[in-house]
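Per-entry structural report
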Amino acid sequence: MKKQLLHVFRNTPFGREVLMQSVYFCRKTDTLLRVYIPRYRQFLMYFQYEIATIDLDKSFLRDPDTAREHAEQIILAGGLKPSFITPKRHTASTLPDVPVDFDYMTCPRSISDLSTKISLGHLGPKVRVIIRNAHFPVLIPTPVYKEWKSVTVFFGGSHNARKAMKVGAELAAITGLPMYVFTQAEDRPRQYYEHSLLEGGFGDLLEERRFEWLFFEKGDFKINLYHVPHDSLVVVGAYGHGVIKEVLFGSVLEEIQTVLPNNMVIVGPEVQI
Amino acid sequence: MHRYLYKLNERFQLICIAVVVGIFAALASVALNRGLVQVSEWLGHFRGNWYAFVFPAVGAALSSIFLHHVVKDYGGHGVPEVIYSISRRGGLLRLRSSYSRLVACLLTIASGGSAGPEAPVVISGASIGSNIGTFFRLKDRQRIVTVECGAAAAIAAIFNAPVTGIVFTLEAIAGEWSPTHLIPVSIASVVATEVSRILQGNQIPFESRLFHISNWDMAACIGLAVLSALVSISLMRMLRRFSGRFKSLPGLPWMRAAMGGTLVGLMGLVLPHVLGEGYEVIRTIIEEEFSSGMLLAGVVLTAKMAATALTIGSGGSGGLFAPCLVIGSLTGLFFHQVLDTAMPAIDWAGQSYFGLLGMAGVISGVLQAPMTGVFLVVEITGSYQVLLSVVLVAVISVTVSQFFEPSSVYHQELVARGELVKPRTDRHILSNLNMMEVLETDCHIVRPTMRLKELVDIVRRSHRNYFPVEDPESGDFLGMVHLDDIRSYLFDPYLQDTVLVEQVMESNVETVSLDDDLERVFEIFDRTGAWSLPVVQDGKFLGLISKATILDHYRKELLVNEES
């Protein structure tokens, strides 16, 4: 059955790159691309416990007359059929509710701030809200179109990491691309991680050696990240902390997104697998 | 805290949370009340100056700038958003709504805009309730109750009227009276009133005298009820028209708000009664001190209606309760003066009596909530003596008003967008389900070039009766094979080897898309007699939707509704 990816289109050269990434992702994973072209500065996403109020930066509404045409051109050039969504529900007349029943969503690193702020190490607060609440994984593409030739899953043995593993394994299976699993052992033996994989139902993957395990017992995490192929789609689980908690206490996601310039799929705490 | 709360029975959980919601909603109401008094007093020193007419314009512009550029709250005036949240979104409201409208309304009203603080405190209280419910991870149906608690508490605290808070919430917002809702809402309302009384004192806002009510007065109530209804209808239409006109004007929202504010300010130069909440007008009428004649009463009434429509229609922030009370009291005054002129021999109960009835008539007519009008007037005036007349005026006013305007001022916007869903109705239950929820994706997809033998193998392993056919190249949906279509071939091995799926498939199948709602899906089920329909989006098959699954979800949703 076709899965669906939600993309909020920004009618700028930067938005073009992001849409191209979505098109590429959908083509590789045989996913239906559904594009929302905003008509208002704000939209709402009603998740189970929180409303994400997405305040779009001005560039999202730039030149609305050509937005649909541009999006269609990019999608058709990527070999997909354009499919646009029009929100049917509105909290107020100028406040549309964008549906959340998707399997993936593409978010640039920041959706509310100006694109000049988009850089490594910066995940916008609204993107964090989406990650924290969404029941779907979030694709964070690179600022410039970049194809990926493999899938790398970050696995640290936690429940979230197992969810990421499931998403990563599925993506690798659909795309037929090689899969890497990156583990930075934290004073734990390799058996601990193997056991966690077995418990998570990944025994087949482990026994049949269907992935290459980048297992690091020593060394600095950030330095070891160099071993992640530059053209790999990174899949990582996240606890979905707010920006203050992330900055104060740090997290694996924070370190990865600060160092790796790859396309990333972030599997948040509410993702239902 | 969560742990202790979860150990409690669900009803006790809600009661405990209602107390917390009541306290916070009351604090929000008191803060707004105090803020309004302080800022109005401060601005009062400058009111005598020639430039005072720009105050409403500056206030409305600042209010609009604050909402649109500082807190970025693009919601409307508040109450429709609360109703929408309860009926369609499981009571979810944004945290920013708990303070954004309070500040915006403070700027609008204190500067002289003709609006009331009630709608902003309702959304503020409701948002406080919603976010407290979310903090405790309540289920949707429980969070709806906490939202109602917040709205009731806010109204109760701002008017020092606990019963009005309860009645308004259940009648105008929730649209249903159920014991599960009534108890927590009542508790929140009582708690909020107590908090407000502790902080502001226990005062009846417009205490009235005793009346001598004759049969003539009772008979006159019918005339006043009809007049109140006509005034209500005119006010609702003016609001709609002004709002439409201002929206069609070019320029930024704050410019339109400033334009409306300027017009209100200019009106205020001639008729200062139209500025602000206007409670002073009500006080004068209740105390029988409004000495001007019938003509002036009529002019002030019309001007207040225009000022309210200009303030709110141009984008100023505020509610309609206070203006409705003022307009109602002026309607009553005008009616009394007509009676007095036409039948001077009769000893009428007085302008105060008719003023009270007019307030009940207009507020009931505009909100189309008669009990809210009745209890509000009785509680804020402390006059239980007029109960009979007030009920009479309120119900007649609502009946006449509904004849010309089928929806209340709060429901009009939602009705226009097709978002108003009455609780516990078939449509409400169906609207709580969405296509993705009932989509069945465990289907066996077959190819058109597949031999029937392979399909029979799939049928043997599958529990389904429908098999979607997809183009292997493009992935496009081509049609469906139903078990009935191949029944005649099942026992013929020769045909199974020769017949292809594309030869037996139905290619003209009625499909639905994810954008369709379940009401439309049921229409198709009824029309076609099908039990399952393919869900196709842009030519791609996404899954099946079946009557059985929808009914199963419907039943579950019905059980949830019965619990609440």
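Being a predicted model, the structure only gives us computed values, none of them experimental.

This brings us to the overall build of chain B. Along chain B, the regular secondary structure elements total 26 helices and four strands. Considered along the principal axes of its C-alpha atoms, chain B spans approximately 105 × 55 × 50 Å. The proportion of buried residues among the 564 residues of chain B is 59%. Within the structure as shown, chain B displays about 23000 Å² of accessible surface, and the carbon and sulfur contribution to it stands at 61%.

What follows is about helix α5 (residues 190-199) of chain A. All names here are of chain A. Among all positions of α5, only Y193, S196 and L197 are buried. Taken down its axis, α5 places every buried residue within 100° of arc, on the same side. With respect to the buried face of α5, the exposed residues turned more than 90 degrees away are Q191 and E199. Residues of α5 that are buried in the fold lie against α4 (159-175), β10 (179-184), α6 (203-207) and β11 (212-216). Positive backbone phi, at 85°, marks G201, one or two positions downstream of α5.

All names here are of chain B. Direction vectors running N to C along helix α3 (residues 55-70) and helix α11 (residues 253-270) enclose 155°, while the axes themselves pass 7 Å from each other. Between α3 and α11, the angle falls in the class roughly antiparallel. In the packing of α3 onto α11, the handedness of the crossing is right-handed. In contact with P56, A57, A60, A61, S64, I65, H68 and H69 of α3, α11 contributes P253, W254, A257, A258, G261, T262 and G265. Looking at the contact of α3 with α11 residue by residue, the class counts come to nine nonpolar, six polar and no charged.

Of the residues lining the interface, 31 residues belong to chain A; the matching set on chain B comes to 38 residues. Together, the buried faces of chain A and chain B total about 3100 Å²; carbon and sulfur atoms form 51% of this surface. Seen at the junction of chain A and chain B, the total is three salt bridges. With a closest N to O distance of 3.1 Å, R89 of chain B and D97 of chain A form a salt bridge. Counting the contacts that link chain A with chain B gives four residue pairs in polar contact (both at pLDDT 80 or more). Breaking the side of chain A that touches chain B down by element, the ones donating at least two residues are β2 (31-36), β3 (42-46), β4 (51-55), β5 (89-92) and β6 (95-97) of chain A. At four residues, β5 of chain A tops the list of elements feeding residues into the side of chain A that touches chain B. Grouping the amino acids of the side of chain A that touches chain B by side-chain chemistry returns 10 nonpolar, nine polar and 12 charged.

It is worth spelling out the domain arrangement of chain A at this point. Residues and elements named next belong to chain A. As far as domains go, chain A holds domain 1 (3-140) and domain 2 (150-267). Inter-centroid distance (C-alpha atoms) of domain 1 to domain 2 is 25 Å. Each partner contributes to the roughly 1800 Å² buried at the junction of domain 1 and domain 2, and carbon and sulfur atoms together form 58% of this total. Inspection of the domain 1/domain 2 interface yields one salt bridge.

Moving on to the domain arrangement of chain B. In many analyses, interface size is given as the accessible surface area lost on bringing the parts together. Residue and element names in this part refer to chain B. Along its sequence, chain B is organised into domain 1 (2-200), domain 2 (215-418) and domain 3 (428-563). If you average the C-alpha positions of domain 1 and of domain 2, the two centres end up 22 Å apart. Tallying the contact residues gives 42 residues for domain 1 and 43 residues for domain 2. Between domain 1 and domain 2, the buried area comes to about 3400 Å², and carbon and sulfur atoms account for 67% of it. The interface formed by domain 1 and domain 2 contains zero salt bridges. One can count 16 residue pairs in polar contact (both at pLDDT 80 or more) joining domain 1 with domain 2. At the level of elements, α3, α4 (79-88), α5 (100-110), α6 (118-135), α7 (140-159) and α8 (162-174) are the ones that each hand at least two residues to the side of domain 1 that touches domain 2. No other element matches the 10 residues that α3 contributes to the side of domain 1 that touches domain 2.

All names here are of chain A. Two elements in contact, helix α1 (residues 13-29) and α4, have axes whose closest approach is 8 Å; the angle formed by their N-to-C orientations is 75°. Judged by the inter-axis angle, α1 sits roughly perpendicular to α4. For the pair α1 and α4, the contacting residues are F25, K28 and T29 in the first and L171, I174 and T175 in the second. Grouping the constituent residues of the contact of α1 with α4 by class yields three nonpolar, two polar and one charged.

All names here are of chain A. With respect to burial, β2 is a largely interior element, six of its six residues being buried. A two-sided burial pattern is seen for β2, the buried positions comprising T31, L33 and V35 on one face and L32, R34 and Y36 on the other. A crossover links strand β1 (residues 3-8) with its parallel partner β2, the connecting element being α1, and its sense is right-handed.

Further remarks concern the packing of aromatic side chains. Counting across every chain of the model gives 27 aromatic pairs over all chains. When the ring of F25 of chain A is compared with that of Y104 of chain A, the centres are 5.0 Å apart and the planes differ by 75°; the resulting orientation is edge-to-face. Within this pair, whereas F25 of chain A is found in helix α1, its partner Y104 of chain A is found in strand β7 (residues 104-106), the two being separated by 79 residues in sequence. In terms of burial, F25 of chain A and Y104 of chain A fall into one category: buried. Judged by centre distance (5.1 Å) and plane angle (80°), the ring pair of F135 of chain B and F136 of chain B falls under edge-to-face. Classification of F136 of chain B by relative accessible area gives buried; the value is 6%. A network of ring pairs unites the aromatic residues Y24, F25, Y104, Y145 and W148 of chain A as a single cluster.

Conventions and cut-offs
- Residues numbered from 1 in each chain as written.
- Chains lettered and ligands numbered in written order.
- Predicted model: local features only at pLDDT ≥ 70, side-chain atom pairs only at ≥ 80, totals over all residues.
- Heavy atoms only, no water.
- Helix = DSSP H or I, 4+ residues; strand = E, 2+ residues; numbered from the N terminus.
- Buried < 20%, exposed > 50% of the residue type's maximum accessible area, 1.4 Å probe, protein only.
- Areas by Shrake-Rupley, 256 points an atom, 1.4 Å probe, with all protein chains shown as cover.
- Arc of directions from axis to C-beta.
- Contact = heavy atoms within 4.5 Å.
- Axes fitted to C-alpha atoms, helices over the stretch in contact; angles between N-to-C directions.
- Parallel < 35°, antiparallel > 145°, perpendicular 65-115°, else oblique.
- Left-handed = near helix turned anticlockwise from the far one by under 90°.
- Nonpolar A, V, L, I, M, F, W, Y, C, P; charged D, E, K, R; others polar.
- Buried area = accessible area lost by both parts, 1.4 Å probe.
- Salt bridge = Lys/Arg side-chain N within 4 Å of Asp/Glu carboxyl O.
- Polar contact = N/O pair within 3.5 Å; in protein donor to acceptor, adjacent residues only side chain to side chain.
- Domains from an automatic or database assignment.
- Right-handed = clockwise from strand over helix to strand, strands pointing away.
- Phe/Tyr/Trp six-rings, centres within 6.5 Å; stacked < 30°, edge-to-face > 60°.

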